[in-house]
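Per-entry structural report
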Amino acid sequence: MKIRAMALVSTILVPFAAAPALAADGDSNNGGTGPSQDIVVRAPRVEEMAREAQKIAPNLINVQSAEAIAKYPDFNAAEALARIPGISLSSDTGEGRFVNIRGIDGNLNGATYGGVVLLNTNPGGTVFGSGRAVEFDTIPTGAIDGIVVYKTGLPNHDAEGLGGSVELTPRSAAHLTKPFIEGAIGYGYEPAHKHGGPLNLDLGVGGRFGPDDKPFSFVLTGSFREDRRGFDDIEADYIDDKSLTSASGPAFSALQVDKALADIQLRRYDYHRRRFGYGGELAYTPSDDHQYYIRASIAGYVESVLKNRLTYDKLDGSALSVDPANPAGYATTTKITIKGTDEEETHLNEVFVLGGRDKFGALSLDYRGSYSRATFKVSRNFGTTYTGPSNVPFTYDNITNSEFPSLGITGGAVNVNDPAIYQLTKLSNAQERAVDREWSGAINATLATNWLGQDDHFQFGGEVRLRNKVDTPAAQSYDLPDSGLPALTGAITDFYANHYSNGPQVNPTAIRQLAGQASTTGLADDLTGYFAAEEDIYAGYAMYTASLGKLGVLAGVRVEHTKATYSSYAFDQDDNNLGLVVRKRSYTNAFPTLQLKYDVTPTFVARATYSSAIGRPGFSQIAKPITIDRDNEIETTGNPDLKPTIGHNFDLSLEYYLPHAGIISLGFFDKEFSDYVVARTRNGTDPINLPDASVVQFVTYENVSSAHARGVEAAYDQRFAFLPKPFDGLGIGGNVTYVDSEVELRLGEKRALPATSKWTWNAAAYYEAHGVQLRLAAQYVGKNLFGIGDSADFDVFQSARTTLDLTSSLDIYKGVRLYFNVKNLTNEPLRIYERSENRPIQREFYDRTFEGGLKFKF
């Protein structure tokens, strides 16, 4: 650790020794107009400035301003990102969480906040267990000034980002010219489960102070959003036995064999999420050539959830046959259980930065030292099982209507809504704490050379990143007393839009009281899921930027040396602990780039670029812990021999910039990957860890030699200001992305990349003039591979999804406006299926969300 600390300190201290004062290039922080010269690139808050920053950038980027973000009803940064071309959204519990860039899942993309790497909070919550993807839902939209998405990287950027990288821009004090105060107050209604909320509070203040020219400036921001989202879900497991025969009566049809169920689960969720973000920046700018700044940001959420699951299990028993009363249905027997979950978890991202800029003569320096930390804490996760009767006569039909299958207990054998037929048989608790922290330092030096043209410059610098990540889950079980066990409460009978009963409900208060009184062995670390990682990255780069008339050229290379140690416990087939296993990895990679930009006219830009990037294996993928997802009955094991994925990216782009931040653009991209990491899956059973599961999915990981993602992006946005009043506020906008991807998922079998949608698009019709804003926005994410089975028959897909949102606002006074938003107007479900669309295994309906309030800016 001493060597790691010395490397970081020396990186940070070099510029302080080289210059007596910090400085600021007058143009280096003006909203992203000089992205090649700054470590920290900012998205301007104003929409027209953001579009200008996108136009003059030397590389291919998209910039979304705070002004543009506010035009949508998005709760968090993930949902705001999804409005940008080439971005697709991965949702969870009714909100956006992760984002893909050009079809590449979030674990393989980069993310920064004010130039500092953002870290993953929950390592077990990412796609395919990588533990690298940033949960952008931890950051409320009110906590950022804008977003920059880098489609092609530069040598002065981290090389992480096979699809691209995301920069979230915090509010900056550096160039404030006058004091301001702005904010929002809103409240709403969420009809699902009849919950109030969301509550939305945003506040930002800033100004200048000090003697003479007021060299000190500051900005403080705070954001709080509370919502109580409820939703219903139906999940199922299939028998998947092609030799299935009917126990009596007529034989099963081929469709019945294909759709026969092992179980069906009726799941009810009630979430209470409190999202927050607060931070600030203090800057000291004694002159145009000197600047110091210090910045802090803390964002995250606390989430409490109650889950109630009624399961009709053991549907594959010996009595399974064709329903005599319904040739499309099944007659069988079932075991009825109710399971409950009472969980609270906290996700937190923290970023602290000290930096500055110094300019003297032809040489400019900018630099920073920073600390970033992401934490995930599960303070409680009580799991209960109430066992009901077995061998209950049961019929179901999931063929006539696969979205709303008919379910019934034959002849009224038992009343599923009667709490008296269930008995508490199992109580457990789990906790977890994951901490991901990184110290980093970066130096950037720019020398104006004019060797080839008037605006040429040579840039070089270095960066050190010292990362440490630890995940420690813990679990405990309880010995239940023979009497006095808490009973279930009354049944919820309007489940899933009045189609079913969710059965009696688990009483969380009574369960917590029981846990405080029952005999237990105590909370013990679950070493099967433990892992620790130290990952240090040492980087240096050089690049040259030249302007030759209308042609801009940028060429350079970045070299990164990765030194890592991964630790986890090993177990034999009987779950005996074989001790801590430590694996060390070290590798060096070079990332060249060549980017050409040609200004055909002042508003028409053509680009041709080559860039390269890296996607390191996920922590859980390489550290080899055993991760058990008990809710979804999945066990995941890592592979310590995984190599990093290297990407070579080729882009062509044409961009025509219209007045009022409008644009017409068309781009082509080709991403070629080596050593791509894929999941390998098989189905089976685990009587030790998941004794009650009919089917357990086992997952591990391997490298494949090659993969690719190629596609087209197009965007169009125009306000028709040339129309006569009042029609001059009308406009339309949209973007579409097509991705053709391929990887060898299984030996000799090539499929689309996991989590990659072939088509994604956004479309909006709007009115913005004369104090009125109206916007109807649609978003489409095509189907994608969600989980990889041991054969194509067991691959899991997320269905295509189209959502529709409405936003509106009305100016009522100078700087004050009312707003009203509706999310998910069409109540579009999240739907997941196995193999084919007619085999759904998960269907969640979230209903609409209504919100109205007041926004102000002075």
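A brief look at the structure comes next. Bear in mind the structure is a predicted one, so any value in this text is a computation, not a measurement.

Considerations on the overall build of the protein chain
Broken down by element type, the protein chain carries eight helices and 45 strands. Since a compact globule built from 858 residues should have a radius of gyration of about 29 Å, the 28 Å found for the protein chain is in line with a globular shape. Projected onto its principal axes, the C-alpha coordinates of the protein chain cover approximately 90 × 70 × 55 Å. By the burial criterion, 59% of the 858 residues in the protein chain qualify as buried. For the protein chain, the accessible surface area stands at approximately 32,800 Å², while carbon and sulfur atoms represent 58% of it.

Points about the nonpolar core
If you look at the biggest cluster of nonpolar residues, it comprises 42 residues, and the most contacted ones within it are Leu310, Tyr312, Tyr386 and Tyr422. The element that contributes the greatest number of residues to this core is strand β13 (residues 261-287), accounting for four residues. The residues touching Leu310, leaving out its near neighbours within four places in the chain, are Ile264, Gln265, Leu266, Ile336, Thr337, Ile338, Val416, Tyr422, Ser501, Asn502 and Gly503. Among the nonpolar cores identified, the runner-up in size contains 33 residues, and Ile69, Ala77, Phe136 and Tyr293 belong to it.

Focus on the packing of aromatic side chains
Under the defined criterion, the tally for this structure stands at 32 aromatic pairs. Pairing Trp451 with Tyr544 gives two aromatic rings, centres 5.3 Å apart and planes at 10°, and the pair type is stacked. Taken together, the positions of Trp451 in the loop between β20 (423-448) and β21 (457-479) and Tyr544 in strand β26 (residues 531-548) put the pair 93 residues apart, joining distant regions of the chain. Between Tyr496 and Phe845, the aromatic rings sit 5.5 Å apart at their centres with planes inclined by 80°, giving edge-to-face as the arrangement. Remark: Phe845 occurs in strand β44 (residues 840-845) and Tyr496 occurs in helix α6 (residues 495-498); sequence separation between them is 349 residues.

Section: the pairing of strand β12 (residues 230-238)
With nine of nine residues buried, β12 lies mostly within the body of the structure. Here β12 shows no split at all, with Gly230, Asp232, Ile234, Ala236 and Tyr238 on one side and Phe231, Asp233, Glu235 and Asp237 on the other all buried. Across four bridges, the pairing between β12 and β44 is antiparallel. Counted as the bridge partner of Asp233 is Glu844 from β44.

Quick look at unusual backbone geometry
Peptide bonds are, in most cases, trans, and in most cases residues other than glycine have a negative phi. The linkage connecting Gly197 with the following residue, Pro198, adopts the cis geometry, with an omega of 10°. Relative to the helices and strands, Pro198 resides in the loop between β9 (195-196) and β10 (199-209). Residue Pro726 follows Lys725 across a cis peptide bond; omega there is 0°. Here Pro726 is to be found in the loop between β34 (696-719) and β35 (730-746). Positive phi, normally seen in glycine, also occurs at Lys214, with a value near 50°. Inspection of the secondary structure puts Lys214 in the loop between β10 and β11 (216-227). Positioned with a positive phi, Ala755 is a non-glycine residue whose angle comes to about 65°. With respect to the helices and strands, Ala755 occurs in the loop between β36 (749-751) and β37 (759-769).

Overview of the side chain of Ser757
Take Ser757: it is sitting in the loop between β36 and β37. In terms of polar contacts, Ser757 uses its side chain to reach the backbone carbonyl oxygen of Gly782, at 2.7 Å. A polar contact is formed between the side chain of Ser757 and the side chain of Asn784, at a distance of 3.3 Å.

What to know about the pattern of salt bridges
One pass over the structure, following the stated rule, counts 60 salt bridges. For the salt bridge of Glu350 with Arg373, the shortest nitrogen-to-oxygen distance reads 2.8 Å. Note that Glu350 is positioned in strand β16 (residues 330-360) and Arg373 in strand β17 (residues 363-387), a separation of 23 residues in sequence. Residue classification places Arg373 among the partly exposed residues on the basis of a relative accessible area of 25%. One continuous salt-bridge network, built from bridges that share partners, spans Asp158, Glu160, Arg368, Glu438, Glu463, Arg465, Arg558, Glu560 and Arg616.

Describing the sheet that holds strand β6 (residues 146-150)
The pairing of strands in a sheet happens through backbone hydrogen bonds and is either parallel or antiparallel. Here five strands make up an open sheet; going across it, the order is β1-β6-β7-β4-β5 and the pairing mixed. The open sheet is flanked by β1 (61-65) and β5 (116-117), the only strands paired with a single partner.

Digging into the environment of Gly556
Its place among the elements puts Gly556 in strand β27 (residues 551-571). Separated by twelve residues in sequence, Gly556 and Tyr544 place their C-alpha atoms 6.2 Å apart. If we ignore the near neighbours within four places in the chain, the residues touching Gly556 are Pro155, Ala542, Met543, Phe591, Pro592 and Thr593.

Structural notes on helix α7 (residues 508-517)
If you check which residues of α7 are buried, you get Ala510, Ile511, Leu514 and Ala515. Buried residues along α7 cover an arc of 140° about the axis, so they all sit on one side. Across α7 from its buried face, at more than 90 degrees, point the exposed residues Gly516 and Gln517. Lining the buried residues of α7 we find β17, β20 and β21. Measuring from the side-chain oxygen of the N-cap residue of α7 to the backbone nitrogen of Thr509 gives 3.1 Å; that N-cap residue is Asn507.

Considering the pairing of strand β3 (residues 95-101)
For β3, the buried fraction is high: seven of the seven residues fall into the buried class. The pairing of strand β2 (residues 87-92) with β3 spans six bridges and is classified as antiparallel. Directly across from Ser91, in β3, lies its bridge partner Gly96. In sequence, β2 turns back onto β3 through a hairpin of two residues, with Thr93 there showing a positive phi of about 55°.

Here's the deal with the environment of Glu135
In this fold, Glu135 is placed in the loop between β5 and β6. Residues Glu135 and Gly300, spaced 165 residues apart in sequence, show a C-alpha to C-alpha distance of 9.5 Å. Those residues in contact with Glu135 that sit more than four places away from it in its chain are Arg97, Phe98, Asn120, Thr121 and Asn122. Polar side-chain contacts of Glu135 include one of 3.0 Å to the side chain of Thr121.

Looking at a nonpolar patch on the surface
Taken together, the side chains of Phe209, Leu282, Ile294 and Leu354 present a nonpolar region at the surface, about 360 Å² in accessible area. Looking at the secondary structure, you find Ile294 in strand β14 (residues 290-313).

About the criteria used
Residues numbered from 1 in each chain as written. Predicted model: local features only at pLDDT ≥ 70, side-chain atom pairs only at ≥ 80, totals over all residues. Heavy atoms only, no water. Helix = DSSP H or I, 4+ residues; strand = E, 2+ residues; numbered from the N terminus. Rg over C-alpha atoms; globule rule 2.2 N^0.38 Å. Buried < 20%, exposed > 50% of the residue type's maximum accessible area, 1.4 Å probe, protein only. Areas by Shrake-Rupley, 256 points an atom, 1.4 Å probe, with all protein chains shown as cover. Core = buried A, V, L, I, M, F, W, Y, C linked by side-chain atoms within 4.5 Å. Contact = heavy atoms within 4.5 Å. Phe/Tyr/Trp six-rings, centres within 6.5 Å; stacked < 30°, edge-to-face > 60°. Pairing = 2+ DSSP bridges. Polar contact = N/O pair within 3.5 Å; in protein donor to acceptor, adjacent residues only side chain to side chain. Salt bridge = Lys/Arg side-chain N within 4 Å of Asp/Glu carboxyl O. Arc of directions from axis to C-beta. Patch = residues over 30% accessible without salt bridge, like charges linked within 9 Å, V, L, I, M, F, W, Y side chains within 5 Å.

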